[in-house]
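# Reading the structure
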Amino acid sequence: MRLWICIALLCTVLCASAERPAIVQGMIRAGQFVRDAVGGAKDMYRAYKDMREANYKGADKYFHARGNYDAARRGPGGAWAARVISDARENWQSGVSGRGAEDTRADQEANAWGRSGGDPNRYRPKGLPRKY
């Protein structure tokens, strides 16, 4: 009986430490990418929701940077989601809002700053409540 328990434990240890086939590793990475992307989209939405709630003049760039920063910290999937959402928003907004190319360029600068790991507080306006 003890011999069979030792064999079972040895098999468990060997199987747990064995390398997974490449296809399984690829599937795991793909799953992590998707999980990161969904989390990144949620981070972007939370930053947008906070921006709308704060309704604070001059805080737009801060929330752009913060959403991208939070999303990118999740990993490659989060950074991808942040880039896609930011680019889509800016492309749509530049055609609808009429705020011009300069505002779009400044927004994209804040987006890139956040995605690259830069501190979003660089764009934080004075007086913005600590809640954000």
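Conventions adopted
Residues numbered from 1 in each chain as written. Predicted model: local features only at pLDDT ≥ 70, side-chain atom pairs only at ≥ 80, totals over all residues. Heavy atoms only, no water. Salt bridge = Lys/Arg side-chain N within 4 Å of Asp/Glu carboxyl O. Buried < 20%, exposed > 50% of the residue type's maximum accessible area, 1.4 Å probe, protein only. Phe/Tyr/Trp six-rings, centres within 6.5 Å; stacked < 30°, edge-to-face > 60°. Helix = DSSP H or I, 4+ residues; strand = E, 2+ residues; numbered from the N terminus.

Our focus in this paragraph is the pattern of salt bridges. Inspection of the entire model under this criterion finds 12 salt bridges. Notably, a salt bridge pairs E90 with R89, separated by 3.1 Å at the nearest N-O pair. Residue E90 is classed as buried on the basis of its relative accessible area of 1%. Accessibility expressed as a relative area gives 24% for R89, which makes it partly exposed. One salt-bridge network, held together by shared partners, links D43, R46, D50, R66, D70 and R74.

Under the definition given, this model contains three aromatic pairs. A ring pair is formed by Y62 and F63, whose centres lie 5.1 Å apart and whose planes are at 70°; its orientation type is edge-to-face. Per residue, the accessibility class of Y62 equals that of F63, and both read buried. Judged by centre distance (5.9 Å) and plane angle (75°), the ring pair of F63 and Y132 falls under edge-to-face. In this pair, F63 sits in helix α3 (residues 60-72) while Y132 sits in the segment after α5 (101-115), placing the two residues 69 residues apart along the sequence. In this structure Y132 comes out as buried when scored by relative accessible area, which is 11%. Members of the aromatic cluster, joined through ring pairs, are Y62, F63 and Y132.

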